[in-house]
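Structural overview
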Amino acid sequence: MKRWLRRYWDLLRKPSVHYSLGFLTLGGFIAGIIFWGGFNTAMEATNTEAFCTSCHEMYANPYQELQGTIHWSNRSGVRATCSDCHVPHEWTHKIARKMEASKEVWGWIFGTIDTEEKYEEKRLELAQREWHRLKANDSLECRNCHEFESMDFTLQEERAAQAHSTALAGGDKTCIDCHKGIAHELPDMAGATLVQ
Amino acid sequence: MKTVILRVTAALAITGLLCLSAISSAQDQRLSPPAPDGLRMGGTLAETMPAPPIAGDPRTVEREVRNYPEQPPVIPHVIRDYQVDRRFNRCLDCHSREDAVEAGAPMVSITHFMDREGQVRAAVTPRRYFCTQCHVPQTDAKPLVESDFWPAEKVIREAIRGDKQ
């Protein structure tokens, strides 16, 4: 094993004999574009609504619940789809979330939530995981669209303005603390640990 | 002679066609008679008319005075997407006994805590749990039929006036 590794290490350290420097640099550059671009395109493909709802687990439950909410259809025609709320937009955070999400493939293979009963049983756990995640990152995904600096308190209801100008402005609370169950149905909250 | 035969045939054919069309139109009417002008105006029974636009949700409204003491108050705010089911009741997020004060919302009345024997329970009872069974949002919808309903105070006023006369 050690000798085998040694051989490849020596090969990498030796200057190239057959290929010109130009070929290697240019080839490396082009291959870089193809691989990097391909990687990001593939990752972007896993961010689409069509990809998320291609599994029946996602299609039958969360996707159906999203339809009809204000984030699905509204008077201005802006839609927030799965990845807008569940995947950060920034590259580093996105990669981290994607690696985390590979656990969902495990769940898919073993059918952890492949019936309505199983999904109902796990609803609280799944919801709480998202709430904790959003609490920890200060509702990063919400803030992709809803910017605190752009909020006009005078256009909000009195109670909303009061809450936003104190708790949210001071940083004691973040979006998810109050705005739960806005895109999917809420679980039975009796066993919830993260309540506002 | 030849032209006469031709003319007669043509005339027969035309009459036949007219009869056929008359029969078919009569059949159309039998299958889809004109609808009576009730809540659903115009058209025939089989026709699908365009639906009237959905009444607007009032964005800024005051609470409405009730027309009689037992009237379930109308909801003076938008309730789009409010989840009210076995798992969760969004209305009670603000209107429950515990949260009403902080939320600045009216608490659900004592009747909501009574079971059918009139016994007051600790939480909202199942028979009063589904808010929209009685409470509806206030909209700018026009009444579908004319109403000669009088609010309680008008009934009393008129009764007193009747006594005086």
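Residues numbered from 1 in each chain as written. Chains lettered and ligands numbered in written order. Predicted model: local features only at pLDDT ≥ 70, side-chain atom pairs only at ≥ 80, totals over all residues.

Examining the interface of chain A and chain B
Selection rule: Residue pairs are scored as contacts if the distance between their C-beta atoms, which are placed from the backbone, is within 7 Å. We call Asp, Glu, Lys and Arg charged. Ala, Val, Leu, Ile, Met, Phe, Trp, Tyr, Cys and Pro are nonpolar, and the rest, Gly among them, are polar.
Counting residues at the interface gives 9 residues for chain A, matched by 7 residues for chain B. When the residues that make up the side of chain A that touches chain B are grouped by side-chain class, the tally is 4 nonpolar, 2 polar and 3 charged.

Structural notes on the UniProt feature "binding site: heme c 2" (unreviewed entry) in chain B
Residues and elements named next belong to chain B. So the rule is basically this: UniProt positions are given in the numbering used here, feature names are shortened, and annotations may be inferred rather than shown by experiment. Think of it this way: any DSSP run of H or I at least four residues long counts as a helix, any run of E at least two long counts as a strand, and we number them from the N terminus. Here a residue counts as buried when 20 or more other C-beta atoms sit within 10 Å of its C-beta, as exposed when there are 12 or fewer, and as partly exposed otherwise, the C-beta atoms being derived from the backbone.
In this structure's numbering, the residues bearing the UniProt feature "binding site: heme c 2" (unreviewed entry) are His112, Cys131, Cys134 and His135. These residues run over 24 residues, yet every pair of their C-alpha atoms falls within 12.5 Å of each other. Locating cysteine 131 in the fold gives a position in the loop between α3 (100-103) and α4 (152-164). Setting aside its immediate chain neighbours within four residues, cysteine 131 contacts Val84 and Cys91. For cysteine 134, the position within the fold is in the loop between α3 and α4. Since 11 C-beta atoms lie within 10 Å of it, cysteine 134 is described here as exposed.

A word on the domain arrangement of chain A
One frequent convention defines the size of an interface as the accessible area lost when the parts assemble. Stated precisely, the cut-off is as follows: Domains are outlined according to an automatic or database domain assignment.
Domains assigned within chain A are domain 1 (23-137) and domain 2 (147-181). Domain 1 of chain A and domain 2 of chain A are separated by 27 Å when their C-alpha centres are compared.

Thoughts on the confidence of the model for chain A
This is how the line gets drawn: A residue's pLDDT is simply how confident the predictor is in it, with values from 0 to 100.
Overall, the prediction assigns chain A a mean pLDDT of 90, with 98% of residues at 70 or greater. Across chain A, the secondary-structure element scoring lowest on mean pLDDT is helix α10 (residues 158-170) of chain A, at 89, and the one scoring highest is helix α2 (residues 21-45) of chain A, at 94.

Description of the UniProt feature "binding site: heme 2" (unreviewed entry) in chain A
Residues and elements named next belong to chain A. The feature "binding site: heme 2" (unreviewed entry), as annotated in UniProt, sits at Cys85, His86 and His184 in this numbering. Across 100 residues, the annotated set stays spatially compact, with a maximum C-alpha separation of 12.3 Å. By the secondary structure assignment, histidine 86 is in helix α6 (residues 82-86). Positionally, histidine 184 belongs in the segment after α11 (175-178). Look at histidine 184 and you get buried, because 21 C-beta atoms sit within 10 Å. Ignoring anything within four residues of it in the chain, the contact list for histidine 184 reads Pro62, Glu65 and Leu66.

Some points on the environment of Gln71(B)
Residue and element names in this part refer to chain B. As for its position among the elements, glutamine 71 is in the loop between α1 (2-31) and α2 (92-95). You can call glutamine 71 partly exposed: it has 13 C-beta atoms within 10 Å. In sequence terms glutamine 71 and threonine 139 are 68 residues apart; their C-alpha atoms lie 17 Å from each other.

A word on the UniProt feature "binding site: heme 4" (unreviewed entry) in chain A
All names here are of chain A. Under the UniProt annotation, the feature "binding site: heme 4" (unreviewed entry) is placed at Cys175, Cys178 and His179. In this structure cysteine 175 comes out as buried when scored by C-beta crowding, with 20 C-beta atoms within 10 Å. If we skip the residues at most four places from it in the chain, cysteine 175 touches Ser139 and Cys142. If you trace the backbone, cysteine 178 turns up in helix α11. On the basis of neighbour count, cysteine 178 is assigned to the partly exposed category, with 15 C-beta atoms found within 10 Å.

Details of unusual backbone geometry
Its identity is not glycine, yet Ser139(A) carries a phi of approximately 50 degrees, on the positive side. In this structure, Asp81(B) takes a positive phi of about 65 degrees despite not being glycine. Note that Asp81(B) resides in the loop between α1 and α2.

What about α4(B)?
Because each turn of an α-helix spans 3.6 residues, side chains separated by three or four positions in sequence point in the same direction. Test applied: Each residue after the first adds 1.5 Å to the expected span of a helix.
With 13 residues, α4(B) extends 19 Å between its outermost C-alpha atoms, agreeing within 8% with the 18 Å of an ideal straight helix rising 1.5 Å per residue. Buried residues are scarce in α4(B), accounting for 0 of its 13 residues.

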